[in-house]
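Report on the structure
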Amino acid sequence: MAAVTSSFSLSTLSQCSQRKNLSLSSSTRFLGTNSDSFRLGPNFSLLYVAVRASDSASRVIVRCSSSLSDIPTVSETKLGFLKAYKRPIPSIYNSVLQELIVQHHLMRYKRSYQYDPVFALGFVTVYDQLMEGYPSDEDRDAIFQAYINALKEDPERYRADAQKLEEWARAQNSTSLIEFSSREGEVEGILKDIAERAGAKGNFSYSRFFAIGLFRLLELANAMEPTILEKLCAALNVNKRSVDRDLDVYRNLLSKLVQAKELLREYVDREKKKREERSEPQKANEAITKCLGQQQISTYKPFCENFRQKMTENVYMWRNLYDLVFISPT
């Protein structure tokens, strides 16, 4: 068998397998007639083994290489988001955002994942509906930037592609939407590429965000008939049953989100009313105190003036008496 660099015997395999985030490269093939491959475990890719028989002993040679060490964990992605946006987020938004970033992380680092604008449109749609009514538009945009950057993707690309697809969908109708494959154009090219990848079952990764992106295209094109969705899924080589399931979940979440925001709005209004009710007696007391203070000043001012005059007369009287008794000659 031809010599292979960076190879080692079976006796060192146990040491290699103890390393964290270590995978065995599937790109290296050994030359020999007795080559075989097997999967060692969830943290390893394909392991190619070559056996060389000789008069002494058989020797097993494998090659290990790290290919997953650069993939961050979910906790690292969440930590990156928290470091990028350090201001507090209201709990009604934060709890959903934290769950969303976990799901997005799992989609983002799936082996078959490849970014596409329909996926971006789906996420932007979910994010904008989630953050609708957020106290500050500036903070809402900053949270979006921190979120996408934590996933090591480009937030500007997400926004630009989502806007591009929205503008295209507004100009479509039920017929033109599903006949994209027969026309030329930038968005048509994007959809053709998705259909090709999905049909090849290769580097296309279906996700809930993708389903929501499709739903958004139908919504903007005013083509909400179930048959149109079925035809669009067929044109894109996407399983309609999965799309229907994820859209049902999405509609349910939207309903719960609307209810939660309504409860929050009622709570804020109730607390504001309570503060106003508490402040009204305080303002009344301040007004009464101020009024009484002015009245007391107007009442006691003549008294104080009379008292000062009397004291002045008494001083003169006592001085005259002192002069009479102690200073006048006998």
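Up top is the structure these notes are about.
Structure report, in brief. (Residues numbered from 1 in each chain as written. Predicted model: local features only at pLDDT ≥ 70, side-chain atom pairs only at ≥ 80, totals over all residues. Heavy atoms only, no water.)

Notes on the nonpolar core
Formed by 64 residues in total, the largest nonpolar core has its most connected members in F123, I143, Y147, Y158, L214 and L236. Once you skip the residues sitting within four places of it in the chain, L236 turns out to touch F180, L191, I194, A195, A198, F210 and L214. (Core = buried A, V, L, I, M, F, W, Y, C linked by side-chain atoms within 4.5 Å. Buried < 20%, exposed > 50% of the residue type's maximum accessible area, 1.4 Å probe, protein only. Contact = heavy atoms within 4.5 Å.)

Remarks on helix 6 (residues 155-170)
Residues three or four positions apart in an α-helix share a direction because the helix packs 3.6 residues into each turn. For helix 6, spanning 16 residues, the distance from its first C-alpha to its last is 23 Å, which sits close to the expected 22 Å at 1.5 Å a residue. For helix 6, the elements touching its buried residues are helix 3 (91-108), helix 4 (117-130), helix 5 (137-150), helix 7 (174-178), helix 8 (186-200) and helix 9 (208-220). The N-terminus of helix 6 is capped by D154, whose side-chain oxygen sits 3.1 Å from the backbone nitrogen of E156. (Helix = DSSP H or I, 4+ residues; strand = E, 2+ residues; numbered from the N terminus. Expected span 1.5 Å × (residues − 1). Polar contact = N/O pair within 3.5 Å; in protein donor to acceptor, adjacent residues only side chain to side chain.)

Focus: the pattern of salt bridges
Enumeration according to the criterion identifies 17 salt bridges in this entry. The residue R87 makes a salt bridge to D139 at a minimum N-O spacing of 3.0 Å. Highlighted residues: R87 in the loop between helix 2 (74-84) and helix 3 and D139 in helix 5, separated in sequence by 52 residues. The exposure class assigned to D139 is buried, which follows from its relative accessible area of 13%. Salt-bridge contacts for D246 lead to R245; the nearest nitrogen and oxygen are separated by 3.7 Å. Among the ionic contacts, a cluster of salt bridges with common partners joins R157, D161, K164 and E186. (Salt bridge = Lys/Arg side-chain N within 4 Å of Asp/Glu carboxyl O.)

Brief notes about the side chain of S207
Summarising the element assignment, S207 is placed in the loop between helix 8 and helix 9. Overall, the relative accessible area of 7% leaves S207 in the buried class.

Side note on a nonpolar patch on the surface
A contiguous nonpolar surface patch, about 250 Å² in accessible area, is contributed by L264, Y267 and V268. Counting through the fold element by element, Y267 comes out in helix 11 (residues 240-327). (Patch = residues over 30% accessible without salt bridge, like charges linked within 9 Å, V, L, I, M, F, W, Y side chains within 5 Å. Areas by Shrake-Rupley, 256 points an atom, 1.4 Å probe, with all protein chains shown as cover.)

Side note on the packing of helix 6 against helix 8
When two helices pack together, their arrangement is captured by the angle between the axes and the distance separating the axes. Where helix 6 meets helix 8, the axes come as close as 10 Å, and the angle between the chain directions of the two elements is 105°. As judged from the angle between their axes, helix 6 and helix 8 are roughly perpendicular. Side by side, helix 6 and helix 8 meet where K164, L165 and W168 of the first sit next to E186, V187, E188, I190 and L191 of the second. Split by residue class, the contact of helix 6 with helix 8 holds five nonpolar, no polar and three charged. (Axes fitted to C-alpha atoms, helices over the stretch in contact; angles between N-to-C directions. Parallel < 35°, antiparallel > 145°, perpendicular 65-115°, else oblique. Nonpolar A, V, L, I, M, F, W, Y, C, P; charged D, E, K, R; others polar.)

Details of the side chain of D116
Tracing the backbone through its elements, the reader meets D116 in the loop between helix 3 and helix 4. Buried and without a salt bridge, D116 has R197 as its closest oppositely charged side chain, separated by 4.0 Å. (Lys, Arg positive; Asp, Glu negative; His and termini not counted.)

Description of unusual backbone geometry
The phi torsion at N222 lies on the positive side, around 55°, for a residue other than glycine. Residue placement: N222 occurs in the loop between helix 9 and helix 10 (226-235). Note on N222: relative accessible area 64%, which makes it exposed. One non-glycine residue, N237, adopts positive backbone phi at about 60°. In this fold, N237 is placed in the loop between helix 10 and helix 11. When its relative accessible area of 37% is taken as the criterion, N237 is described as partly exposed.

So, helix 8
Between its first and last C-alpha atoms helix 8 spans 21 Å; for 15 residues at 1.5 Å apiece the expected length is 21 Å, and the two agree. Among all positions of helix 8, only V187, E188, I190, L191, I194, A195, R197 and A198 are buried. One or two residues past the end of helix 8 sits K201, with phi positive at roughly 55°.

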